[in-house]
Amino acid sequence: MTAEPILSVEGFSKQFELHEQGKIIPSSSNVNFDVYAGKLTALIGPTGAGKSSVLKGIFRTYLPSSGRIIYHAVNGHTLDLVQADDYQILDLRRQEIGFVTQFLHALPRQATEDVVAQPLFQRGVNRDQARQKARELLEQLNIPERLWSVPPATFSGGEKQRVNLARGLIAKPRLLLLDEPTASLDPATTDRVVEMIQAMKIEGTAMLAIFHHPDLVERLADNVVTLTPPLALDNKEVA
Ligand SMILES: Nc1ncnc2c1ncn2[C@@H]1O[C@H](COP(=O)(O)OP(=O)(O)O)[C@@H](O)[C@H]1O
Ligand SMILES: [Mg+2]
């Protein structure tokens, strides 16, 4: 492949220091891969291998312990997401990098259609247009219309996951991070999500995804990166 990657993860490691217990929990260790426009890179490996930690490191929910995360922005600039300041990170989250997390985090009393439209509101899109787009996505993901105007707090796991997906897809980020986005979806909705991801690939979105089902890796991944869990022997006491 001759194209330049949008994202290069180099020597990424993450460990958690639990100061109260005096323990270090190793998570991801020396992870290396590239992500390209219009391609999907899948992270695979058993539970605890550090897959979610890699995504959270890229989105800067966690600060990596070591390594570089080189991002080629739309303006042609290159920056290391490990070193970037918080304003740069917030700007990239608003404009270029999306994250569909495993669990939906929403403001308590916000209507579902506004939860989904939020990324467009943040970009300054007209409210009515943003809500219209949100409703289209909710419909495509089979969320019944009676639920659009109520907050998602009491929704089932599968409904919350669909709201989370709609919010992640609505702004068409350049780089989309997906953490088990279909884990609690029925087969028909999963197929719909597969179609949406394929359409985004054709539009040039770069994706980095963790899938619960190996079948989805088979259907969607262009590159596969395997993570291995750190050895129990690596558990160190903090000096
Ligand atoms: N905030 C945290 N504090 C302490 N340990 C964590 C934290 N987040 C993840 N871990 C630990 O890091 C390891 C990797 O977790 P994770 O990245 O969620 O793995 P995966 O997504 O592959 O299942 C696990 O041992 C997990 O318990
Ligand atoms: Mg995980």
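Note: the structure precedes this text.
Quick look at the structure, then. (Residues numbered from 1 in each chain as written. Chains lettered and ligands numbered in written order. Predicted model: local features only at pLDDT ≥ 70, side-chain atom pairs only at ≥ 80, totals over all residues. Heavy atoms only, no water.)

**A closer look at the packing of helix H3 (residues 112-122) against helix H4 (residues 127-140)**
- Between H3 and H4, the least distance of the axes is 8 Å, while the angle of their chain directions is 120 degrees. Classified by the angle between their axes, H3 and H4 sit oblique to one another. H3 and H4 meet at a crossing whose hand is right-handed. Contact residues: H3 offers Thr112, Glu113, Asp114, Val116, Ala117, Leu120 and Phe121, while H4 offers Arg127, Ala130, Arg131, Lys133, Ala134, Arg135 and Leu138.
- Considered class by class, the residues forming the contact of H3 with H4 number 7 nonpolar, 1 polar and 6 charged. (Axes fitted to C-alpha atoms, helices over the stretch in contact; angles between N-to-C directions. Helix = DSSP H or I, 4+ residues; strand = E, 2+ residues; numbered from the N terminus. Parallel < 35°, antiparallel > 145°, perpendicular 65-115°, else oblique. Left-handed = near helix turned anticlockwise from the far one by under 90°. Contact = heavy atoms within 4.5 Å. Nonpolar A, V, L, I, M, F, W, Y, C, P; charged D, E, K, R; others polar.)

**Notes on the site of ligand 1**
- Lining the immediate environment of ligand 1, one finds Phe16, Ser27, Pro46, Thr47, Gly48, Ala49, Gly50, Lys51, Ser52, Ser53 and Tyr62.
- One of the side-chain N or O atoms of Lys51 is found 2.8 Å from an oxygen atom in ligand 1.
- Separating an oxygen atom of ligand 1 from a backbone N or O atom of Ser52 is a distance of 2.9 Å.
- When isolated, ligand 1 has an accessible area of 560 Å², and the protein chains bury 66% of it.
- The element best represented in the shell around ligand 1 is helix H1 (residues 51-59), accounting for 3 residues.
- The residue inventory of the shell around ligand 1, partitioned by class, reads 4 nonpolar, 6 polar and 1 charged. (Near = heavy atom within 4 Å. Polar contact = N/O pair within 3.5 Å; in protein donor to acceptor, adjacent residues only side chain to side chain. Areas by Shrake-Rupley, 256 points an atom, 1.4 Å probe, with all protein chains shown as cover.)

**Observations concerning the packing of H3 against helix H5 (residues 157-170)**
- In the contact formed by H3 and H5, the axes pass within 7 Å of each other and the chain directions differ by 25 degrees. Between H3 and H5, the angle is such that the two are roughly parallel. Relative to H5, the crossing made by H3 is right-handed. Listed contacts from H5 to Thr112, Val115, Val116, Ala117, Pro119 and Leu120 of H3 are Val163, Ala166, Arg167 and Ile170.
- Broken down by class, the residue content of the contact of H3 with H5 amounts to 8 nonpolar, 1 polar and 1 charged.

**Some details on the sheet that holds strand S11 (residues 223-226)**
- Spatially, the 5 strands line up as an open sheet ordered S8-S9-S10-S5-S11, and their pairing is parallel. Each of the sheet's edge strands pairs with one partner strand only, and the pair in question is strand S8 (97-100) and S11. When strand polarity is set aside, the average angle formed by the axes of neighbouring strands in this sheet is 15 degrees.
- Taken together, the 5 bridges between strand S9 (residues 175-179) and strand S10 (residues 206-210) define a ladder with parallel strand orientation. The partner of Leu175 across the bridge, within S10, is Ala206.
- On the sheet, helix H6 (residues 187-202) packs against strand S5 (40-44), S9 and S10 and is oriented at approximately 150 degrees with respect to S10. (Pairing = 2+ DSSP bridges.)

**A closer look at the sheet that holds strand S7 (residues 78-80)**
- As summarised here, the arrangement of the 4 strands in space is S4-S1-S6-S7, forming an open sheet in which the pairing is antiparallel. The open sheet is flanked by strand S4 (31-35) and S7, the only strands paired with a single partner. Strand after strand, the sheet turns through a mean of 15 degrees between neighbouring axes, direction not considered.
- By the bridge criterion, 4 bridges tie strand S1 (residues 7-13) to S4 in an arrangement that is antiparallel. In the sheet register, Phe12 faces S4, and the bridge partner there is Val31.

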